[in-house]
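Structural overview for review
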Amino acid sequence: MSLLELNNVSKSFGGSCVLKDVNLSIAKGEFVAIVGFSGAGKTTLISLIAGLLKADSGTVTLNDKPVTGPGPDRGIVFQNYSLLPWLSVFENISLAVDQVFGDWDAAKRRAHVEHYIKMVNLTPARDKRPSELSGGMRQRVSVARALAMDPQILLLDEPLSALDALTRATLQDEISRIREETHKTVVLITNDPDEGIYLADRIIPLTAGPGATLGPSFTVDIPRPRDRKAINHDAHFKQLRRDVTTFLLDSKHDQKTTVTRKLVLPDIEPEDLTVIRSFGERRTAPKRSREIQEEKIEV
Amino acid sequence: MKSFKCDWLILPLLGALIVILGWHVLAGKKVVTKDAEGNVASEERKGAIPALPNVVETWESSKPYIVEPFAKRGELDQGILRFTWLSLVLVAKGYLIALVIGTPLGFMIGLSKFFTKMTDPIIQVLRPVSPLAWLPLGMVLFLDAGRNASELAALFTIAVCSMWPTVLNTAVGVRAIPQDYLNVAKVLKLSRFKTLTKVMIPATLPYMFTGFRLSLGIAWLVIVAAEMLTGRPGVGGFLWQQYNALIYEQIILCILTIGIVGFILDRLMSVVERRFKTA
Ligand SMILES: Nc1ncnc2c1ncn2[C@@H]1O[C@H](COP(=O)(O)OP(=O)(O)OP(=O)(O)O)[C@@H](O)[C@H]1O
Ligand SMILES: [Mg+2]
């Protein structure tokens, strides 16, 4: 039985179609990566799942119940962190915990927040404001906040694309570890096929927009724990990377060929200015290209 | 120009010195002519602007008000800081009224397009109206208040004139709340009240404080006009009274006091404002 299901979901903004007939089915406990070009509609897709946007047609269901709006059962890590800048790390997370677990007593909620701060290795920065944190640390706070709500599914919208390569690798390993610890169902949006393959059980390319849709899903049969260095020489990994990349590039190529443009050439022929005309001669209208049938010059 | 050591102190002093010198040169001077026996024959003022008191005269006659800043010799003869205090109290009351009305109004305008369209023309029309025009209306409104009428009218004028920056800045701040913050509130399913107190108000605070600072500036600007017209004791009332009594020296004292107090208030508010600039 699948936990999350999208059926023929389409979404357009003011006449321009962003997503078209998207179908997706994710089982409980699965880690799915969706990879696509920038501007293809990845954030739109995740917002539809989160309930922040409403699909124009088609259905989104979680546990067979239609998604009608946002809720803490779908923890989302936004592309731009979306931490509240006037709250400290602890306060940002406890805002979520206090809201979701309002019936717990204060000590339990506090311990819960501390637990997730520890999970993302931020205990030393617990009382800092987001502006005092590096990009990678902010992203961890955002992950901790989403996890602390104990959601059924974790939605990650390009969580690492704003980070430098080294931080990125570290955080990839951390996401992988946290996932092993919590056994959460995860949807990871990314623009890096390598990242998707390294982390996920299944990787699905999103074709280039407009009118993007999900391609075939590629199952990643690489045993865990995965070794970042060894994986680069893994034949299956290389094959997957080639397949996904080829699919994505082809989808972009298809888009290009469908663009047709009608060019209108000027309907006028150049005049020979070296021919001197006498004043008495009447000016003739310019020669039209379409009137020229054939011109033969006898030498 | 190259900056040198202490230029932050020396250059402003130099500027002030030039202005004071210019004032002194333009100002009038008392010239006493005496006859052969040494009796005063005539006294007259000479200079480019004969009626304008010069620096020395201004200092001499302002001295009692500065040296004993808290003295109270009569209702309209008090030390300059005592007058300032009276004015500040009045401004504080009017300003608080402006904030209490202006902030929620700004929030409503920022939140609802409907409300914006409804109030925008009214605000645009009322905003440029001078305090001198509001005060008589205030007098009429509180005609029945008896002894308190002039104070209420002054408060009304201060509140109405100084409210607009708070209203407009709050509205802009509410509209500028990033969608991301609101998305966080939505995902957490915060109630309307919690969204307001935990997300929207903190996100708007920096804008609100910019509005508060501008409003305070206007409130202080209005106080003089309000005191002049109502004849209440205070810096502005004192200024007007001395002018009517043909004692011109204290006009400059009052102008300087008003300016310095306004400057200090603005500095204080911008310190507070900066504390709320988050992100
Ligand atoms: N609220 C909106 N109103 C109008 N158009 C929108 C809106 N949100 C997204 N779009 C359009 O939809 C398209 C897809 O946007 P989206 O943000 O989903 O892309 P993305 O794949 O997340 O890109 P990126 O990798 O840059 O984050 C873009 O062309 C964008 O202009
Ligand atoms: Mg995006």
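Reference entry: report on the structure contained in this document. (Residues numbered from 1 in each chain as written. Chains lettered and ligands numbered in written order. Predicted model: local features only at pLDDT ≥ 70, side-chain atom pairs only at ≥ 80, totals over all residues. Heavy atoms only, no water.)

Another aspect to go through is the packing of aromatic side chains. Residue and element names in this part refer to chain B. Tallied over the entire structure, the rule returns nine aromatic pairs over all chains. Aromatic side chains F142 and F156 sit 6.3 Å apart centroid to centroid with 70 degrees between the ring planes, which places their arrangement in the edge-to-face category. With F142 in the loop between α5 (131–141) and α6 (149–175) and F156 in helix α6, this pair connects stretches of sequence that are 14 residues apart. Under the relative-accessibility criterion, F156 is labelled buried at 19%. Ring geometry for F209 and F212: centres 5.1 Å apart, planes at 65 degrees, overall edge-to-face. Of this pair, F209 and F212 are both found in helix α8 (residues 192–230), three residues apart, which corresponds to roughly one turn of the helix. (Phe/Tyr/Trp six-rings, centres within 6.5 Å; stacked < 30°, edge-to-face > 60°. Helix = DSSP H or I, 4+ residues; strand = E, 2+ residues; numbered from the N terminus. Buried < 20%, exposed > 50% of the residue type's maximum accessible area, 1.4 Å probe, protein only.)

We now examine the coordination of the magnesium ion (ligand 2). Residue and element names in this part refer to chain A. Within the protein, the atoms that donate to the magnesium ion (ligand 2) are T43 (OG1) and Q79 (OE1), at distances of 1.8 to 2.2 Å. Pair noted here: T43 is in helix α1 (residues 42–50) and Q79 is in the loop between β6 (74–77) and α2 (89–100), with a separation of 36 residues, a long-range link. Owing to a relative accessible area of 33%, Q79 belongs among the partly exposed residues under this scheme. (Donors = N, O, S within 2.8 Å, 3.2 Å for Na, K, Ca; no water.)

Attention now goes to the packing of helix α9 (residues 235–244) of chain B against helix α10 (residues 249–275) of chain B. All names here are of chain B. For the pair α9 and α10, interaxial distance at closest approach is 9 Å and the crossing angle is 165 degrees. Taken as axis vectors, α9 and α10 run roughly antiparallel relative to one another. Of the two possible hands of crossing, α9 and α10 adopt the one that is left-handed. Taking contact as the criterion, the partners of V235, F238, L239, Q242 and Y243 in α9 are, on α10, Q250, I251, C254, I255, T257 and I258. Tallied by class, residues from the contact of α9 with α10 come to eight nonpolar, three polar and no charged. (Axes fitted to C-alpha atoms, helices over the stretch in contact; angles between N-to-C directions. Parallel < 35°, antiparallel > 145°, perpendicular 65-115°, else oblique. Left-handed = near helix turned anticlockwise from the far one by under 90°. Contact = heavy atoms within 4.5 Å. Nonpolar A, V, L, I, M, F, W, Y, C, P; charged D, E, K, R; others polar.)

Residues and elements named next belong to chain A. Mapped onto the elements, R168 comes out in helix α5 (residues 165–182). Exposure remark for R168: the relative accessible area of 15% places this residue in the buried category. With residues up to four places along the chain from it excluded, the contact list for R168 reads L160, S161, L163, T190, N191, D192 and E195.

The next subject is the sheet that holds strand β9 (residues 202–206) of chain A. Residue and element names in this part refer to chain A. Taken together, the six strands give an open sheet; going across it, the order is β6-β7-β8-β3-β9-β10, and neighbouring strands pair in mixed fashion. Only two strands of the sheet have a single partner each, and these edge strands are β6 and β10 (218–219). Of the strand pairs in this sheet, β9 and β10 are connected by two bridges, and their pairing is antiparallel. Counted as the bridge partner of I203 is F218 from β10. Along the sheet face, α1 touches β3 (31–36), β6, β7 (153–157), β8 (185–190) and β9 and points at about 155 degrees away from the line of β7. The strands that helix α4 (residues 135–148) touches are β6 and β7; relative to β6, the one it contacts most, it runs at about 175 degrees. (Pairing = 2+ DSSP bridges.)

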